Amino acid sequence: MFLGKGKYHLHFVPTLLGVILLLPVFRCAFSNQWFALAIIPCLLVKFWLDSLVWSAFWNDPLVDWVVRAVKLGTYCGYGFFAAAMAGLWVRGKRLLGPTTWVALLTSAWLVKLYVARLVVKTGEWQHTHFIGYWADFLVPCFLFGLLMSCAKNVPESVFTSLAPVSFGIYLVHPIPLDLFEIALRSAELSPSTTVVLKIL
């Protein structure tokens with residue numbers, strides 16, 4: 001359970017708990033929006049370390065622990081990004097307008113569709129596709145940025161009331177994912193359509 005291997009998608013739980021422990025570190029981004037850019041070097045390091053770890057620790061019992069350490073260290077970029085966005089929101093500002101965030105989000109989804117096409121064409125998951133990697137891992141930032149830019153006039157009390165249930169929502173989110181997987185297995189879809197739906 002500590003490694004999050006007990007259930008599909010639970011691998012994010014120990015990483016999230018580790019990031020929560022680093023909350024005091026993220027407070028520095030609350031007053032300086034430039035810390036949002038920390039997501040770039042963090043994801044660069046993750047891209048480099050992922051291939052290095054799997055090649056160096058393949059069939060090694062330590063591989064799961066090393067992968068967890070890499071995730072915890074590099075996912076800190078998301079914490080800095082979220083804190084910077086929250087700080088801007090509290091000050092009544094925003095990094096980018098909703099239209100820009102929508103454009104970035106749409107571009108990322110188009111890249112993901114292109115990668116899905118490559119998967120269908122080659123018959124292999126494109127784990128090392130550099131542009132596809134960035135599109136995949138920046139989608140959460142683009143989506144969060146869009147939501148925060150649209151929440152400029154939302155009272156802080158709304159977020160305060162939702163905060164206690166946010167972690168619970170996260171914990172149950174594998175349920176609709178499982179239902180989606182079950183629906184895919186029972187649906188008579190072409191392999192290409194299945195791959196596209198899984199990637200999106």
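Let me begin by describing the structure that accompanies this report. (Residues numbered from 1 in each chain as written. Predicted model: local features only at pLDDT ≥ 70, side-chain atom pairs only at ≥ 80, totals over all residues. Heavy atoms only, no water.)

Turning next to the packing of aromatic side chains. In total, this model carries 10 aromatic pairs according to the counting rule given. When the centroid spacing of 5.8 Å and the interplanar angle of 20 degrees are considered together, the rings of F35 and F80 count as stacked. Linking F35 in the loop between helix 2 (23–30) and helix 3 (39–56) with F80 in helix 5 (residues 76–90), this pair joins segments that are 45 residues apart in sequence. For F80, a relative accessible area of 14% corresponds to the buried category. Among the aromatic side chains, those forming a connected cluster through ring pairs are F47, F130, Y133, W134 and F137. (Phe/Tyr/Trp six-rings, centres within 6.5 Å; stacked < 30°, edge-to-face > 60°. Helix = DSSP H or I, 4+ residues; strand = E, 2+ residues; numbered from the N terminus. Buried < 20%, exposed > 50% of the residue type's maximum accessible area, 1.4 Å probe, protein only.)

Considering all chains together, one arrives at one cavity of 30 Å³ or more under this definition. One number sums up the size of the largest cavity: a volume of about 50 Å³. Around the largest cavity, the lining residues are M85, L88, W89, K93, R94, L95, L96, W101, G145, M148 and S149. Of all the secondary structure elements, the ones that give two or more residues to the lining of the largest cavity are helix 5 and helix 7 (130–150). (1 Å grid on protein atoms, 1.4 Å probe; cavity = no way out; pocket = protein on both sides within 12 Å on 5 of 7 lines; lining within 4 Å. Points joined across faces, edges and corners; volume = space filled by probe spheres on them.)

This brings us to the packing of helix 1 (residues 12–21) against helix 4 (residues 63–74). Where helix 1 contacts helix 4, the axes come no closer than 9 Å and their chain directions differ by 45 degrees. Considering their axes alone, helix 1 and helix 4 lie oblique with respect to each other. Seen from above, helix 1 lies across helix 4 with right-handed handedness. Here P14, T15, G18 and V19 of helix 1 lie close against helix 4, whose contacting residues are R68, K71 and L72. Here the contact of helix 1 with helix 4 is built from residues that sort into three nonpolar, two polar and two charged. (Axes fitted to C-alpha atoms, helices over the stretch in contact; angles between N-to-C directions. Parallel < 35°, antiparallel > 145°, perpendicular 65-115°, else oblique. Left-handed = near helix turned anticlockwise from the far one by under 90°. Contact = heavy atoms within 4.5 Å. Nonpolar A, V, L, I, M, F, W, Y, C, P; charged D, E, K, R; others polar.)

Along the polypeptide, P41 turns up in helix 3. Classification of P41 by relative accessible area gives partly exposed; the value is 43%. Each C-alpha atom, one on P41 and one on T74, is 8.5 Å from the other, the two residues being 33 residues apart in sequence.

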